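# Breakdown of the fold
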Amino acid sequence: MHRVMHLMRVVAVVSAVACSSSKSDSGTKSEPAAKTVPGPTGQSPAAVPSGKGSMQTYLLTTTGSDTPVKVQAAIPSSWTVDTSTGDGPTFKVSGADVKQLTFAAISLNGDNGARITKAIKMQYDDTTGAERVELSGGRVWMSAPQGNNIHARIFVPSPDGVVMGFALVSSASADRLPEIRSAFETLAIAP
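Note that this is a predicted model, so its numbers are computed, not measured. (Residues numbered from 1 in each chain as written. Predicted model: local features only at pLDDT ≥ 70, side-chain atom pairs only at ≥ 80, totals over all residues. Heavy atoms only, no water.)

When its secondary structure is counted, the chain shows 3 helices and 13 strands. Expressed as a percentage of its 191 residues, the buried residues of the chain come to 42%. Excluding contacts between residues fewer than 6 apart, the proportion of contacts in the chain whose partners are at least 24 apart in sequence is 58%. Within the structure as shown, the chain displays about 9400 Å² of accessible surface, and the carbon and sulfur contribution to it stands at 54%. (Helix = DSSP H or I, 4+ residues; strand = E, 2+ residues; numbered from the N terminus. Buried < 20%, exposed > 50% of the residue type's maximum accessible area, 1.4 Å probe, protein only. Contact = heavy atoms within 4.5 Å. Areas by Shrake-Rupley, 256 points an atom, 1.4 Å probe, with all protein chains shown as cover.)

Turning to the pairing of strand β9 (residues 131-134), a few remarks are in order. Across 4 bridges, the pairing between β9 and strand β10 (residues 140-146) is antiparallel. Bridged to E131 within β10 is S143. Connecting β9 to the next strand, β10, in antiparallel fashion are 5 residues, including G137 with a positive phi near 70 degrees. (Pairing = 2+ DSSP bridges.)

The next point concerns the confidence of the model for the chain. On average, residues of the chain carry a pLDDT of 77, and 71% of them reach 70 or more. In this model, residues 1-51 is a region of pLDDT below 50 whose contacts with residues beyond four sequence positions or in other chains number 99 contacts. (pLDDT = per-residue confidence, 0-100.)

If you look at the biggest cluster of nonpolar residues, it comprises 29 residues, and the most contacted ones within it are L101 and F103. At the level of elements, β3 (55-60), β5 (69-74), β6 (79-82), β7 (90-93), β8 (98-107), β11 (149-158), β12 (161-170) and α3 (177-184) are the ones that each hand at least two residues to this core. If you look at the next biggest cluster of nonpolar residues, it comprises 14 residues, including I120, A144, V162 and M164. (Core = buried A, V, L, I, M, F, W, Y, C linked by side-chain atoms within 4.5 Å.)

Turning to the environment of P191, a few remarks are in order. Here P191 is to be found in the segment after β13 (188-189). Distance from P191 to V71, taken between C-alpha atoms, is 8.2 Å for residues 120 residues apart in sequence.

Here α3 has its buried residues at L177, I180, A183 and F184. With its buried residues spanning 125 degrees around the axis, α3 presents them on a single face. Where the residues of α3 are buried, they touch β5, β6, β8, β10, β11 and β12. (Arc of directions from axis to C-beta.)

Two side chains that carry opposite charge are able to pair once their charged atoms sit near each other. All chains considered together, the criterion is met by 5 salt bridges. Across the pair K99 and D97 runs a salt bridge whose closest N-O atoms are separated by 3.2 Å. Exposure remark for D97: the relative accessible area of 35% places this residue in the partly exposed category. Two residues, E179 and R176, come together in a salt bridge whose shortest N-O distance is 2.8 Å. Judged by relative accessible area, E179 falls into the partly exposed class, the value being 21%. (Salt bridge = Lys/Arg side-chain N within 4 Å of Asp/Glu carboxyl O.)

With that settled, consider helix α2 (residues 112-123). Here α2 is 12 residues long and its end C-alpha atoms lie 17 Å apart, about the 16 Å a rise of 1.5 Å per residue gives. Residues R115, I116, A119, I120, M122 and Q123 constitute the buried set of α2. Projected down its long axis, α2 carries its buried residues within an arc of 160 degrees, all on one side. One side-chain oxygen at the N-terminal end of α2 lies 3.2 Å from the backbone nitrogen of G113; it belongs to D111. (Expected span 1.5 Å × (residues − 1). Polar contact = N/O pair within 3.5 Å; in protein donor to acceptor, adjacent residues only side chain to side chain.)

Right, let's talk about the side chain of S158 for a bit. When you line up the elements, S158 lands in strand β11. Judged by its relative accessible area of 7%, S158 is buried. Not counting the four nearest positions on each side in its chain, S158 is found in contact with R115, V163 and I189.

Quick look at the environment of E131 now. Mapped onto the secondary structure, E131 falls in strand β9. Assessed through its relative accessible area of 37%, E131 is described here as partly exposed. Note: C-alpha distance between E131 and A144 (13 residues apart in sequence) is 6.3 Å. With residues up to four places along the chain from it excluded, the contact list for E131 reads W141, M142, S143 and R181.

Structure follows, in structure tokens:
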């Protein structure tokens, strides 16, 4: 656990140095990298519309483990996915002020419930005022105010830890959270 926390701090520091956003937009932990799994044509999209809610597959690098995890999610057609940076899929939501929207995976010990609890504690310093919704399959949706933003996540148990959908949305675009939550609720471990 100490190693995972240390790795997350190192990644967060590197991201903070590289990030040009204002201090009010910072404060969330950095996300591990992910890669798009090439489709039938063998091509990975870079900043292209994602389709009509079709299932997309990504290979996430797992923080704290050498074992990547393959995930899938139905991404709305109004979203754009960019996998060109090598930092994992980043999504943009048309017409919304979304600071960050991505997927991440962390390796944690324990049963599903214990891993979800640990992941939530790692991502939310204080859950006072946070919305928490228990979902099927041991998944949890959370959102909480963070400065002028809303920090939202879905936590999904994985064989080695937890997979997360992460969104940092400006308070002005809070009306888009239901759309983000709907997409995040499709996030699953791919077969």
